[in-house]
Amino acid sequence: ENTSELRPTHPLAIAPVVAPAASVDGFAKQFLQNLNFDQGVTLSTSDVNDQYLALAYTVRDYLMARWFDDRAQQKAQQNKTVCYLSAEYLLGRQLDNNLLASRLTDIATEALAQCGIDIDDLRQVEIEPGLGNGGLGRLAACFIDSLATMSVPTIGYGIRYEYGIFRQAFADGQQIEQPDAWLRMGSPWDFAHPEAAQTISFAGTTETYDDDGVERTRWVPEWNVLAVPYNMMVPGYHNGRVNTLRLWRAVATNAFDLHTFNSGDYVESVRAQTFAENISKVLYPEDSTPQGKELRLQQQYFFVAASIADFIGNVLPDDFDIEKLPERVIFQLNDTHPVIGVPELMRVLVDEKKLEWDAAWAITQKCFAYTCHTLLPEALEVWSVDLLGRLLPRHLEIIYRINDEFLLEVRERFGDDEMLIRNMSIIGEHPSRSVRMAYLATVAGSKVNGVAELHSQLLRDNVLKDFAEMWPDKFTNVTNGVTPRRFLRLANPELSDLITEALGAGWTVDLERLRGLEALADDVDFRERFAAVKASNKRRLSRVLEARGEAPLDDGHMLDVMIKRLHEYKRQTLKVLHIVSTYEGIVSGRLDVDAVQPRTFLFGAKAAPGYGMAKRIIHLINAVGEVVSADERVKGKLKVLYPANYNVTLAERIIPAADLSEQISLAGKEASGTGNMKLALNGALTIGTDDGANVEIRKLVGDDNFFLFGMSEPEVEALWAEGYRPADFYQDDEELRRAIDLIASGAFSDGDRSVFEPLVSNLLYDDRFMALADFRSYLDAQDRVDAAYADQDSWVRSAILNVARSGYFSSDRAMRDYLERIWHATPVS
Ligand code: CJB
């Protein structure tokens, strides 16, 4: 209501806020009003961006009353709030999602049509907020969608980067990065609240002081920035709930020095502003490799400190008893990026709230839980003690004390095993002193989880073994999930309609109901309709590609997709070796052309700008693609497409069209994967290793509907132990040799052998991710794929079974697991 603190006399101000009428007329009226009064244009003078913004405002207007309710309830209620702390949210476009959630899609379409506007034209205008790199950021977006849909009070906290993940372009087949100015045309989905800004401090010193006879420590910082919150609505699907995503923007406390400006030094006069605003300027484009940059640590502390202060100071009631904090909040740490929140909460409790250390530690341990998303040792974040101590001196002291007490506990448990102490210490000594953030999170968290069964097992057995021995109950698994609203209902409307016709509408919030499709896999008529949907989705994708200036898809081709970040462990190179080998086989006459199914290989991938080898692989894919797609001898048989700037919006078009899903990481390297789930859910069959969530997908869809290949994780370990020599595999396999030789010969680089030489030698003499060792098994599996695709009836049957058996991979299920195993929170009625 409008009345909360003011004492208005106007009757309208006392009435509760209500949504506009949920009718075509009501919508049209609101839309036109917003066009006039918010955009300052008439319908006839408006352009498509005005119309898009007015449409977004209109959708917001419908959600507003519920949002007010839910925020009031959050303050008043006694339920636990899930505070999801994540440096990344890869949201994708908002318009369709919010229309769908609020049941307004048809009304809006009709209302706009009456205004002479095709809503599709407005959809195209939206720039997706790319505030994340890949799987980890997209997972956070799926989770907040599910939590809203399940009526769990949640605040997602993160950073409002001014520039999201870079826009990728190709020049001569090589990646070029361009800034992602996503805010350029306005940002209708968020609400700035400068009045709720938090002051965030950095650097300086610490000192002790006498506080009425008690010696205490305080931090005397050197500089501050303001953290200004921007709130976004997170509507639940058809349940009237609206949660909040609160993203922080950095603003200078004292932006502008008028004195300096007047003296003529314009650059210096805004130096403070530039410096402060750099903190939320740009998303770090690394994925699975932390960049030890000071600015990144500033970003991490900035958003976590603001979030903790916001929750305690603004969300909780004023008279809240801080000792009860664990009853009211769980801070979920999305990987190590927000782990600096642990010493921050300790600082707040001990220095500001003046709690005893032990009491504060007991609270802190209950308030945090940690999700690990990786197995790559090089991806485990560490901060040098020097840097951390300089930027956050009080936090370093607190970390030291946490570590001292933790190591005492280790000694009590395991005796004075100095090797063990060194291994488990939160402070690493080599090559230089550093804080191991994953260890800090493990020590502090009430729970530690991996993101797929195999991953959680490997965390317990390898990466965090000593900790798992010390606290077996702390470790758990929650297999990742994806939201069926965005990745089935919205992305694949035709399949959704077919499913709804067969099973009724409830599957969107109860994905296990897809099981009901199993029986239909044997129904000829249903199979035909399913196949027709796939064909239609391919035509739609083809139009999207053409509109981007890419080649279209050929009718009748199997669409074989590999869409994910470009990383050596994911092994795009192995995919390229398969393509080159097939190409060479056809051209040389070695292969029986009729046994090779016509295929289009489609890649989507960005490489971290500083990751040289990944960029070379991009160059190779494009180079191979150009030669293969242009070669008359394989025309109609093989085609390679690599549309630039793969993002959520493009994923939503590719996934429903895919026949084959490439999930070919070296076993033991991909923590989970979530693209694998989206593709299976949309009826693509997986060719994959026993890695990450592939293991669970295969178990569920069945071996007959999955193409397994490659070494298992224990086999990988055994081969390392025995000594891996990739060149031996090259020597022993003629097809492999021919493929590599063709690349090395310059066939894809205008005869210039030097272009891909580093890549080829890396494969032959290093091959950290054992592409050569898995090559033969991969090719054999691809032969099975070809044979299976030749029998369309049975392929479609398998595709239907993939859909029917993927219900487990809903992020709703993942959220139920988190609620039960980690958060001990419940939905509100
Ligand atoms: N992941 O996207 C990232 N970035 C990282 O820095 C570390 C891991 C990915 O997280 C996904 C969500 O849990 C996983 O599915 C994926 O395997 C992992 O690489």
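As the structure is a computational prediction, the values presented were derived from the model and not from experiment.

Undergrad: Before we go on, may I ask you to explain the domain arrangement of the protein in this structure?
TA: Interface size, as often reported, equals the accessible area lost upon joining of the parts. Entries for the protein in the domain assignment read domain 1 (77-93 + 128-479 + 817-823) and domain 2 (484-809). Put simply, the middle of domain 1 and the middle of domain 2, counted by C-alpha atoms, are 35 Å apart. Taken together, the contact pairs 40 residues of domain 1 with 35 residues of domain 2. Contributing elements (two or more residues each) for the side of domain 1 that touches domain 2: α7 (135-149), β5 (167-171), β6 (174-178) and α19 (453-463). Top contributing element to the side of domain 1 that touches domain 2 by residue count: α7, with 5 residues.

Undergrad: Looking at this structure, how should I read the site of the ligand?
TA: Around the ligand, the surrounding shell holds 19 residues, and the nearest of these are G135, L136, H373, A671 and S672. Within the shell around the ligand, the residues separate by chemical class into 5 nonpolar, 11 polar and 3 charged.

Undergrad: Explain the nonpolar core to me, please; I cannot follow it from the model alone.
TA: Soluble globular proteins: nonpolar side chains tend toward being buried together. Counting residues in each nonpolar core, the largest one holds 233 residues, and the members touching the most others are C83, F302, L440 and V624. Ranked by the residues each element gives to this core, the list is headed by helix α11 (residues 294-315), at 10 residues. A domain split of this core shows at least three residues from each of domain 1 (77-93 + 128-479 + 817-823) and domain 2 (484-809).

Undergrad: Sorry, what's going on with the sheet that holds strand β15 (residues 382-384) here?
TA: Strand-to-strand pairing in sheets goes through backbone hydrogen bonds, with the strands running parallel or antiparallel. Strand order in the open sheet made by the 3 strands is β15-β17-β16, with antiparallel pairing throughout. Looking at which strands have only one partner, the edges of the open sheet turn out to be β15 and β16 (427-428). Contacts from helix α18 (residues 437-444) reach β15 and β17 (434-436) within the one sheet, and its direction differs from that of β17 by about 50 degrees.

Undergrad: What should I look at first to understand the pairing of strand β10 (residues 214-220) in this one?
TA: If a strand is regular, its side chains alternate between the two faces of the sheet. Judged from the 7 bridges that link them, strand β9 (residues 205-211) and β10 form a sheet pairing that is antiparallel. Directly across from E207, in β10, lies its bridge partner R218. The loop that links β9 with its antiparallel partner β10 comprises 2 residues; one of these, D212, has a positive phi angle of about 50 degrees.

Undergrad: Can you help me understand the UniProt feature "modified residue: N6-(pyridoxal phosphate)lysine" (unreviewed entry) in the protein in this one?
TA: The feature "modified residue: N6-(pyridoxal phosphate)lysine" (unreviewed entry), as annotated in UniProt, sits at K678 in this numbering. Excluding residues that lie within four positions of it along the chain, K678 makes contacts with V482, F487 and I655.

Undergrad: Can you help me understand helix α14 (residues 357-367) in this one?
TA: In an α-helix, one full turn covers 3.6 residues, which means residues spaced three or four apart are oriented alike. Within α14 the residues assigned to the buried category are A360, W361, I363, T364 and C367. The arc enclosing the buried residues of α14, seen along the axis, measures out at 165 degrees, which places them on a common side. Elements that come into contact with the buried residues of α14 comprise α12 (325-328), β13 (329-334), α13 (341-352), β14 (368-371) and α18.

Undergrad: Looking at this model, I keep getting lost on the environment of Y284. Mind explaining?
TA: Along the chain, the position of Y284 falls in the loop between α10 (271-277) and α11. The spatial distance from the C-alpha of Y284 to the C-alpha of S536 is 37 Å, given a sequence separation of 252 residues. Filtering out sequence-adjacent residues up to four positions away, Y284 remains in contact with Q291 and R296.

Undergrad: Any chance you could explain the pairing of strand β21 (residues 599-604) here in plain terms?
TA: Burial within β21 is extensive, with 6 of its 6 residues counted as buried. Alternating residues of β21 divide into R599, F601 and F603 and T600, L602 and G604, and every residue in both groups is buried. Sheet topology places strand β20 (residues 558-563) next to β21; 6 bridges connect them, and they run parallel. Note on β21: the bridge partner recorded for I563 is G604. Handedness of the crossover is the feature at issue here: the chain leaves β20, passes through helix α24 (residues 572-588), returns alongside β21, and the resulting connection is right-handed.

Cut-offs used in this document
- Residues numbered from 1 in each chain as written.
- Predicted model: local features only at pLDDT ≥ 70, side-chain atom pairs only at ≥ 80, totals over all residues.
- Domains from an automatic or database assignment.
- Contact = placed C-beta atoms within 7 Å.
- Helix = DSSP H or I, 4+ residues; strand = E, 2+ residues; numbered from the N terminus.
- Near = placed C-beta within 6 Å.
- Nonpolar A, V, L, I, M, F, W, Y, C, P; charged D, E, K, R; others polar.
- Core = buried A, V, L, I, M, F, W, Y, C linked by C-beta atoms within 7 Å.
- Buried ≥ 20, exposed ≤ 12 C-beta atoms within 10 Å, placed from the backbone.
- Pairing = 2+ DSSP bridges.
- Axes fitted to C-alpha atoms, helices over the stretch in contact; angles between N-to-C directions.
- UniProt positions renumbered as here; feature names shortened; annotations may be inferred.
- Arc of directions from axis to C-beta.
- Right-handed = clockwise from strand over helix to strand, strands pointing away.

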